[in-house]
Each structure stands twice: as C-alpha cells, then as structure tokens.
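# Coordinate analysis (summary)
One letter stands for each residue in the lines below.
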Amino acid sequence: MESLEFIAIVAAIFSFFFIHTWRSNRNNPVTNWPFFGMLPGVLCNLSDIHDQTTTTLKQCGGTFLFKGPWLTNLNFLITTDPMNVHHITSKNFDNYIKGSEFYEIFEILGDGIFNTDSHKWKHNRNILHSLFRQNSFESLVVKTIHKKLESCLVPLLNNTSELGTVVDLQDIFQRFSFDNICSIVLGFDPNSLPNKLKEFPEVAFEKAFNKMEDTMFYRHIVPRFLWKLQKWLQIGQEKSYSECEKIIDQFLHQCISSTFQEQRKVRCTKDDDEPNFNMLKAIVEESEMEKVDRKFLRDNAISLLLAGRDTISSGLSWFFWLVSTHPVVEAKILEEIRAKFITNEENWLITSSLENLNKLVYLHGALCEALRLFPPVPFEHKSAVKSDILPSGHRVNANSTVIYSLYSMGRMEQIWGEDCLEFKPERWISEKGSIIHIPSYKFIAFQAGPRSCLGKNITFIQMKLIAITLLWNFQLEVVEGHNNVCPSVSVVLHMKHGLKVKVTKRGIN
Ligand code: HEM
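Note that the structure is a prediction, hence the values are computed from the model and not measured.

A tally of regular secondary structure across the protein chain gives 20 helices and ten strands. When each of the 509 residues of the protein chain is scored for burial, the buried share is 54%. Counting contacts in the protein chain only where the partners sit at least 6 residues apart, residues at least 24 apart contribute 72% of the total. For the protein chain, the exposed area adds up to about 23900 Å²; of that, 55% sits on carbon and sulfur atoms.

With that out of the way, let us pick up the site of the ligand. Around the ligand sit 25 residues, and of these Lys98, Trp121, Arg125, Arg451 and Cys453 come closest. Contact between the ligand and Trp121: an oxygen atom at 2.8 Å from a side-chain N or O atom of the residue. Contact between the ligand and Arg451: an oxygen atom at 3.1 Å from a side-chain N or O atom of the residue. With respect to the detected pockets, the ligand is housed in the largest cavity. For the shell around the ligand, the secondary structure elements donating two or more residues are helix H6 (118-133), helix H13 (294-324) and helix H20 (456-473). For the shell around the ligand, the element with the highest residue contribution is H13, accounting for four residues. Across the shell around the ligand, the residue classes tally to 15 nonpolar, six polar and four charged.

Relative to the helices and strands, Arg219 is located in helix H9 (residues 204-221). Looking at Arg219, its side chain comes within polar contact range of the main-chain oxygen of Glu104, at 3.1 Å. Reaching out from Arg219, the side chain makes a polar contact with the backbone oxygen of Ile105 at a distance of 3.2 Å. Setting aside residues no more than four positions away along its own chain, Arg219 makes contact with Glu104, Ile105, Glu107, Trp227, Lys231, Glu238 and Tyr241.

Okay, the sheet that holds strand S2 (residues 76-79) next. A sheet is described by the order of its strands in space; here five strands give the open sequence S1-S2-S8-S5-S3, paired in mixed fashion. The open sheet has two edge strands, strand S1 (63-66) and strand S3 (96-97), and neither has a second partner. Lying on the sheet, helix H4 (residues 82-91) is in contact with S1, S2, S3, strand S5 (379-384) and strand S8 (401-405); it crosses S8 at an angle near 125°.

The next subject is unusual backbone geometry. Keep in mind that most residues, glycine aside, have a negative phi and that most peptide bonds are trans. Even without being a glycine, Gln234 presents a positive backbone phi close to 55°. Residue placement: Gln234 occurs in the loop between helix H10 (224-233) and helix H11 (236-265). Residue Gln234 is classed as partly exposed on the basis of its relative accessible area, which comes to 32%. We note that Gln447 has phi near 70°; this positive angle belongs to a residue other than glycine.

The next subject is helix H17 (residues 361-373). Here H17 contains 13 residues, and its C-alpha end-to-end distance of 18 Å stays within 8% of the 18 Å for a straight helix at 1.5 Å per residue. Across the 13 residues of H17, 13 count as buried, placing the element largely inside the fold.

Turning our eyes to something else, we now look at the packing of aromatic side chains. Enumeration according to the criterion identifies 20 aromatic pairs in this entry. Aromatic side chains Trp416 and Trp428 sit 5.8 Å apart centroid to centroid with 45° between the ring planes, which places their arrangement in the tilted category. You can see Trp416 sitting in helix H19 (residues 413-416) and its partner Trp428 sitting in the loop between H19 and H20, a full twelve residues away along the chain. Judged by relative accessible area, Trp416 falls into the buried class, the value being 9%. Where Trp428 meets Phe443, the ring centres are 4.8 Å apart and the plane angle is 70°; that geometry is what we call edge-to-face. Highlighted residues: Trp428 in the loop between H19 and H20 and Phe443 in the loop between H19 and H20, separated in sequence by 15 residues. When its relative accessible area of 7% is taken as the criterion, Phe443 is described as buried. Each member of the aromatic cluster is reached from another via a ring pair, and the members are Phe178, Phe188, Phe205, Phe209 and Phe251. Geometry around Trp416 places Arg372 over its ring, the cationic atom sitting 5.1 Å from the centre.

When the terminal C-alpha atoms of H13 are compared, their 45 Å separation across 31 residues agrees well with the 45 Å that a helix rising 1.5 Å per residue should span. Among the 31 residues in H13, 26 count as buried, and that is most of the element.

Glancing now at the pattern of salt bridges. Inspection of every chain in the model, using the stated rule, returns 26 salt bridges. Here Lys424 makes a salt bridge to Asp419, at a shortest N to O gap of 2.6 Å. For Lys424, a relative accessible area of 29% puts it in the partly exposed group. Sharing partners across several salt bridges, the network here consists of Glu369, Arg372, Asp419, Lys424 and Arg427.

With respect to protein ligation, the iron atom of the ligand binds only Cys453 (SG), at 2.3 Å. The topology assignment puts Cys453 in the loop between H19 and H20.

The next thing to look at is the UniProt feature "binding site: heme" (unreviewed entry) in the protein chain. UniProt's entry tags Cys453 with the feature "binding site: heme" (unreviewed entry), counted in the numbering of this structure. Since its relative accessible area comes to 35%, Cys453 is described here as partly exposed.

On to the pairing of S2, then. Of the two faces of S2, the one lined by Phe76 and Ile78 and the one lined by Leu77 and Thr79 are each fully buried. Sheet analysis places S1 next to S2, joined by four bridges and oriented antiparallel. Across the sheet, residue Phe64 finds its bridge partner in S2, namely Ile78. Direction of pairing for S2 relative to S8: parallel, over a ladder of four bridges. Bridging from a neighbouring strand, Thr79 pairs with Tyr404 of S8.

What follows concerns the sheet that holds strand S9 (residues 474-478). Ordered in space as S4-S10-S9, the three strands form an open sheet in which the pairing is antiparallel. Two strands close off the open sheet at either side, each with one partner strand: strand S4 (166-168) and S9. This sheet shows a mean twist of 40° between the axes of neighbouring strands, independent of strand direction. Examined bridge by bridge, S4 and strand S10 (residues 500-505) share three bridges and lie antiparallel to one another. By the bridge assignment for S10, Asp168 is matched with Lys500. Running at roughly 90° to S10, helix H7 (residues 135-163) makes contact with S4, S9 and S10 of the sheet. Across the sheet, helix H8 (residues 169-186) touches S4, S9 and S10, and the angle it forms with S4 is around 50°.

Definitions and limits used
Residues numbered from 1 in each chain as written. Predicted model: local features only at pLDDT ≥ 70, side-chain atom pairs only at ≥ 80, totals over all residues. Heavy atoms only, no water. Helix = DSSP H or I, 4+ residues; strand = E, 2+ residues; numbered from the N terminus. Buried < 20%, exposed > 50% of the residue type's maximum accessible area, 1.4 Å probe, protein only. Contact = heavy atoms within 4.5 Å. Areas by Shrake-Rupley, 256 points an atom, 1.4 Å probe, with all protein chains shown as cover. Near = heavy atom within 4 Å. Polar contact = N/O pair within 3.5 Å; in protein donor to acceptor, adjacent residues only side chain to side chain. 1 Å grid on protein atoms, 1.4 Å probe; cavity = no way out; pocket = protein on both sides within 12 Å on 5 of 7 lines; lining within 4 Å. Sits in = over half its atoms within 2 Å of the grid points. Nonpolar A, V, L, I, M, F, W, Y, C, P; charged D, E, K, R; others polar. Pairing = 2+ DSSP bridges. Axes fitted to C-alpha atoms, helices over the stretch in contact; angles between N-to-C directions. Expected span 1.5 Å × (residues − 1). Phe/Tyr/Trp six-rings, centres within 6.5 Å; stacked < 30°, edge-to-face > 60°. Lys NZ or Arg CZ within 6 Å of the ring centre and 35° of its normal. Salt bridge = Lys/Arg side-chain N within 4 Å of Asp/Glu carboxyl O. Donors = N, O, S within 2.8 Å, 3.2 Å for Na, K, Ca; no water. UniProt positions renumbered as here; feature names shortened; annotations may be inferred.

Rendered as structure tokens:
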C-alpha cells in the first residue's frame, strides 16, 4: 500500500512538472522539457531539421539558445544573424575555434586542415593555399573534368537517353565527383562511374566515405557519452564507422606509398604537361619531401577528398533540380551559352578559355542562387575560447558552442528580401550586367573570413563546365511522381530520395 502511495506521489510530481513545462512553453518554438531539454523536439522533427530550424530561428529573431538534456554537452547558441557570423568568422576569429569536440566528431580527418586550429591549421592552410594558386593546379582540374565528361558522363547520358531509362542524377554526380577528386588529389581514378548504363560498380572506398558521413551526423545529435560508449563497445553506428575507417586508411596508405615510390623515381616537374601531376605529389613538393610524413599526407588527402566530392555533387544536384523545374531560367542559360560561349570550332568546350567561362554571368547567378538556397554544408559550429558578447547582444560563455546555420541564412528575409525563397538568378546581376558582390558573411555557402573555402574558384569552373555540357546536350526532366525532393539529414545537404530524371538528347545543337 505504501509503495502504491509513493508511486502515485512521484507520478503526480512528474505530471505537474510536465504540464507546467508544456504550459509555460506553449508559445515557444521549441519546448524545453525537464531532464531531456529541447532534444525531444529535435528528434521528433529530425527528418525536417533544416526547415524546422529555419522556422524557429525566424520566430526568435535570428538567434536562440538550444538546451540539450541535463548533464550533457548538447547546449549551444544558434544564429543566422550576419553580423554575428561576421564577428565569429572574422572580427573575433581567434576566439572561435573548431575545438576538441569538433576534433572528436571528425576524428577521421586527423590533423588535416578542417580539423585543426592555430599554428597547425595555419601550416596546413599555407601549404594548401600556395598549391591552389598554382596554374598547374587549375589546368589539372580543367583537364580532369574535360576528360571525365568526354569519356564517361556524356556517353552515359547518351546511352540513358537511347534506352529511355530513368536515372538517379544525384548518384551519377556523386560518382562523377568522386572519380574526379580522387584523380586530382591522389592521381588515381577509381572509375566508380561507368560510361554505359549497366549496373553501377560498388567501390568499397566510396561506400566507406558515405558511411563515414552518416557517423559524423550521428555524433552531432547523440550525447557524447553515448556514442563514445558505442565506440568502446563496438556496436551500432560506431562499429560500422570503425570498419569504414580501416577501408579508407588502407586505400590512402596505398596511394601515399605509390606517390613516394614515384617521387623517388622522378621528381615532379610542376610542368603544365606533367601527365601524372596530382595534389599529393604537389604537397610533397611544397613541404619538401624530406620533412613531410605519411600522417600529414593522409590527413590532408582525406580532407581534400571530403571537401571536393560531396560539396560539388550536392551543389550540382540542387542546381539541376532547380533549373529543370524553372524552364524560364533554363531557357535564359541556354541563350547565354549560345550567345557568349559557343564558337565555330568543333571542340568548343575544350578549346574555350576560362575568360569565356567568366562571360556567363547569368549561369554564375543561377549557380550562386542554388548554393544560397541549398548550401552543400548546411551548418557550421565553433567553440568559444573566452566568453564574449555577440553583436546581437547574446552572451557566449567560454568553451560553449556556437552554431550558424548556412541553410537558414540563405532563407532569411532580412538578408535576401521578401522573395528569399524564390530561385531568381537575376538577384545576382547588376543593371550593368555584372555579378553583384555579396559579402561572404551573408552569402555564406563557402564560409567567411580567414577559414573560407580554398576551392571556391575551382568549384565555379567545374560546375560551369558540367552545367554547360549537360544543359547544351540534354534535357533533364524530373520524373513525375518524384516531387518529394527534400534534404537528407546529414552533414552534407544531399537529396534524401536522390534526383530521378529522364534524359533526352536536345535537338538545338
Ligand atoms: C560547392 C562546392 C563547395 C562548397 C559549398 C564548399 C564549402 C566550404 C565550407 C563551408 C568550408 C568551411 C568548412 C569548415 O570550416 O568546417 C570549406 C572549407 C574548405 N574547402 Fe570548400 N567547398 C566547396 C568545394 C571545395 C573544393 C572543390 C575544394 C578543393 C578540393 C575545397 C576545399 C576546401 C578547403 C581546403 C577548406 C578548408 C579551409 C580552412 O579550414 O582553412 N572546397 N568549404
């Protein structure tokens, strides 16, 4: 009897607590529950996390404090205020680091550029920055893309249109970007994209990369002690992560060994015509071969692979979806290509110069617009070294986390105006017909400040070459019934159900 009374009292206290919380949070966008904090709300809306976060941020004026379960480290300030972002990424740059938590979540990246701070990051950045500036690097990127377009992507889409089969364009872009970035960074093409419509090969290294990304996201939403425990027990998501890590490491070590072997035979000449130029070799050159160690190469190679694969394929998928669902934009892009890019030469794409690419202002605007609405990296987080006050007046405690949502920033009326949800390449073009510069702390897709993306220029070159080739030669029609195009829950903004399209050869050329 006594124990029944006890249970009744405990139940009454809990009910009171929950009803009180529910009542006082009724008007709040996110309910802060006793013990569980705001986590239940996140878990219930996980499949729609980016749009839910945007709605909440709009309701809160652009910044709010997320409270995780008690006794966990899941508390953070989340913001879309461009002045806050400017402060974090540039003005008070030294105070906002990646930090130890980021390092743990992205441990597979080791001490590569994405995962390091202060002098280690500076050292990585200096080496990679001088590499990205080399002319041979830009021409390597262009040559690689041309080759892959000609030998794989165009024949594959020709074949697809002949057979009338529906294909997943996102999967195709993933494979295309993976082969390209492996060729550029490692000098090895895994050939994950075939040139005919047969069964797509399963490349273990590529699969491992996908799983690794899932784990990165999982570690963002599960309390640290829990994923650490899973890792220690080798169960669930963490077990498959360890398997992927082995596959990735084995593969990278093979590539590094063959780079060293080749370097011993012949020192890289950095010549434009050097047939086997790749980033690994160039890093060895840049950092003087005697001093560079395998771990440094491995950590930066994996960072570059991650940087260059998913971002480009995600950007391309959203761009083609937007263009194929906005026929007026598509027609304007084609008109611009015809007027400003096509020459009488037979191989006009290959012979065309990079200056010619720069003439495609409308296409540039359309790409920026796609990256604004669907930034491939949807959120960023930083750890505050010392306590600070943000321009919005919000306090940041020492060692606490600040997140800025790149996805939400692209959808804020305060930044982009009332038509912020519309796909309008025109918003990027001035009356004189040139591209309007928008500061990077507003157009944040490539990050802002000293840590901004090193691959921005080559990204536009690659995306333009691919867009021109595909739009000029093919009509890509999103298949009926495949309207459910929405973002996946991941650290990269993929499409949850892929992008199913029907490919038809164009008759205009
Ligand atoms: C659509 C394409 C791309 C987008 C949207 C993009 C976006 C970004 C973002 C948001 C960051 C900051 C990440 C962070 O600090 O956590 C970043 C950094 C970086 N990106 Fe990109 N990126 C793209 C393509 C590329 C490509 C193709 C490369 C080169 C292979 C590249 C190389 C890098 C590097 C090296 C950094 C690290 C910068 C640093 O920490 O100092 N990116 N990028």
